[in-house]
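The primary structure of each chain is shown beneath.
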Amino acid sequence: MGRISQWFDRRGFAAMLIGLPYLWLLALFLLPFLIVVAMSLATKTPTAPPFSFGGDHPWVNGQAYVRVLTDGLYLRAFLTSVGNAGVAMMLCLLLGYPMALGLTRVSKSWRNILLMLVILPFWTSFLLRVYAWMGLMGKNSWFNGLLTDGWNLLVPMDWAVKSIPMMNSNFAVVLVMVYTYLPFMILPLYASLERLDPVLDEAAMDLGSRPWQVFRDVTLPQSVPGIIAGGMLVFIPAAGELVIPSLVGDASSPMIGRLISDEFSSARDWPMASAVAVVLLVLMVGPTMLYSHYQARAEGTK
Amino acid sequence: MQDAAEPFLRIEGVSKTFGSFQAVRNVSLSVGKGEIFSLLGGSGCGKTTLLRMLAGFEEPSAGRIFLDGRDMAGVPAWERPVHMMFQSYAIFPHMSVEKNIAYGLKHEALTKAEKADRTREMLELVQLVPFAARKPHQISGGQRQRVALARALARQPKLLLLDEPLAALDKKLREQTQFELMSIQARTGVTFIVVTHDQEEAMTLSDRIAVMDKGEVKQIGSPTEIYEFPASRFVADFIGSINAFDAAVLGVEAGLLRLSVPALGTEVLARGQSGVAEGSKVTLAIRPEKLRLSMEKPADGNAVQGKVRDLAYFGKDSLYRIALPSGVLVQAHAVNARRGDEGARVADWDDEVWLAFDATSAIVLVE
């Protein structure tokens, strides 16, 4: 027994434990990313693979970045992506927060059942669920028909429509994204809300705060880390989402994931696709790093 | 107008039931303005539930609570002029010491300057001015306790509820804090209701104590009354240590009861008590420090002989465990008045000793 613990205590072992995930990230994230960065600086050629670093000094080509930053197509795609992802994130937060809060307030046995229900959609294929939504939103579905009838009942005659155009719109993209990413918002929120001490709520109430004031002063500020974690878990993948906008989105205003995919496959412009991917990553990682920098500083002054 | 005879806080026949469990049974008591009143009892005796009903976190299942003449039924926690110092202190971790103390003032109709003044005043009261900007995790446990106290006092409550105020502090700090609490209470004049399981804490802090057991109030009285004149065997046992024996009343003579106590193997005289008739079964109880230990037979009074089975030396006094001929063990405290080594003790292991006590020191319990 003593020997084993000695072995575990050796510094080398601790270094290895810490080192392994770093090695993993190095080999499977940083290295591929550097390859992508390199590719983005190459020149498109009709070869296989379809790029090269040939030609004149300085052997690299910044043309792709110039296009990303100047061509309105990419700018619009970025704006559409950030807009859709942002709206989806806010809606996930508005829907997810009460659900997560509710989870912390029910009995243990109910909590387990409800938590399972949150995760349950993952058990069926993601594609299947998107196709189900496509069916619901389609012009001839009962769902669309029901909404159309409701609309026609409520509005004046000359506003009446045959069906509500839901498919192939940003509305459809946001709806399906909210549906898909909601658990990623609920779970981190639940994790942070569950750790809060309910006695603090009582203390605030005891000091004269009504329940909504207790929420505003005590619960909400303490759940900020959960809100940020959930927000990032929803926003980042949603901004780069490919499948949902491809299936239900508006083809005339593509999201950025769609552009990357198109550049890689149909246009066979790998440097362009890589440049868009690099810019997307910088846009996503930049604010995250800023946030953790400021949080570290805030904690340092505590 | 308030009736002159109306007490400041009146709890009237209050009960609380959780499902089939009755946490508080028909409790009635009154507390005067400016009093330090303790609810003392073991865990699960209902003291915390009673406190939570005063704070407004629970509604009584039956009975009523009047504070300063006002019926508290249906008044939510946030509208009661009652504040609580929680056992875990419940300090908001995301706010500085100052913000914590000022929190309750948010809801007061005060100007900004008045709020700042009041906060300052509270910081001074609990001597935390240099720590105002600190976050709760940057101060010690004793300081957190003072933050909790200042926060609860900042709104000038009519009633301050303290849930095990000293339980989380170490012994040295506890004694110091005890006196601090009392001096703060004296300065602010706020009525304190203290919940505690620690009898020493209750004895030193309180003007009056209610001893609780299984949801019922067993006795209410000053610390002296509770200690010297316990009303039942439970209270006598719970507060301090006591030697209790079954006894039968043989007769009543000149205000004294003559008792037959089989465990002592003799008849003893004890101060009479109303409602005790000849022939009734009672409990004779004697505090260990009321027993006089000697090597020679005392001239008169109640006395029994025994053998020292065990002794524990505490420095200022010693605790003796003495076996009587009947086999019963009796505890006796003796002050070590003389200075010296082993020989200075009143008695030693296996010594045959006499135990004597006055008739007035013996407690006769009917319950």
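First, a word on scope: everything that follows refers to the structure included in this document.

Rules used in this analysis
Residues numbered from 1 in each chain as written. Chains lettered and ligands numbered in written order. Predicted model: local features only at pLDDT ≥ 70, side-chain atom pairs only at ≥ 80, totals over all residues. Heavy atoms only, no water. Axes fitted to C-alpha atoms, helices over the stretch in contact; angles between N-to-C directions. Helix = DSSP H or I, 4+ residues; strand = E, 2+ residues; numbered from the N terminus. Parallel < 35°, antiparallel > 145°, perpendicular 65-115°, else oblique. Contact = heavy atoms within 4.5 Å. Nonpolar A, V, L, I, M, F, W, Y, C, P; charged D, E, K, R; others polar. Pairing = 2+ DSSP bridges. Core = buried A, V, L, I, M, F, W, Y, C linked by side-chain atoms within 4.5 Å. Buried < 20%, exposed > 50% of the residue type's maximum accessible area, 1.4 Å probe, protein only.

Attention now moves to the packing of helix α10 (residues 211-222) of chain A against helix α11 (residues 224-239) of chain A. Residue and element names in this part refer to chain A. It is the contact of α10 with α11, at a shortest axis distance of 4 Å, that shows an interaxial angle of 50°. If you check the angle between α10 and α11, you find them oblique. For the pair α10 and α11, the contacting residues are L220, P221 and Q222 in the first and V224, P225 and I227 in the second. Its residues assigned to classes, the contact of α10 with α11 shows five nonpolar, one polar and no charged.

To continue, consider the sheet that holds strand β2 (residues 21-31) of chain B. Residues and elements named next belong to chain B. Overall, antiparallel pairing links the four strands, which are arranged β2-β1-β4-β5 in an open sheet. What marks the edges here is a single partner per strand, and that holds for β2 and β5 (70-71). The sheet contacts of helix α1 (residues 47-55) involve β1 (9-18), β2 and β4 (62-67), and relative to β1 the element is tilted by about 115°.

Here we come to the sheet that holds strand β17 (residues 317-323) of chain B. All names here are of chain B. Reading across the sheet, the five strands line up as β15-β19-β16-β17-β18 and stay open at both edges, with antiparallel pairing between neighbours. In this open sheet, the two strands that pair with only one neighbour each are β15 (292-294) and β18 (329-335). Neighbour-to-neighbour, the strand axes of this sheet turn through a mean angle of 45°, independent of strand direction. Here six bridges tie strand β16 (residues 302-313) to strand β19 (residues 352-357), and the two strands are oriented antiparallel to one another. Within β19, the position partnered with A303 by the bridge is A356.

On to the nonpolar core. All names here are of chain A. Counting residues in each nonpolar core, the largest one holds 51 residues, and the members touching the most others are M177, V248 and V276. Sorting elements by how many residues they give to this core places helix α8 (residues 170-194) first, with 13 residues. Non-local contacts of V276, meaning those with residues more than four positions away in its chain, are made with V68, Y74, F78, I256 and I260.

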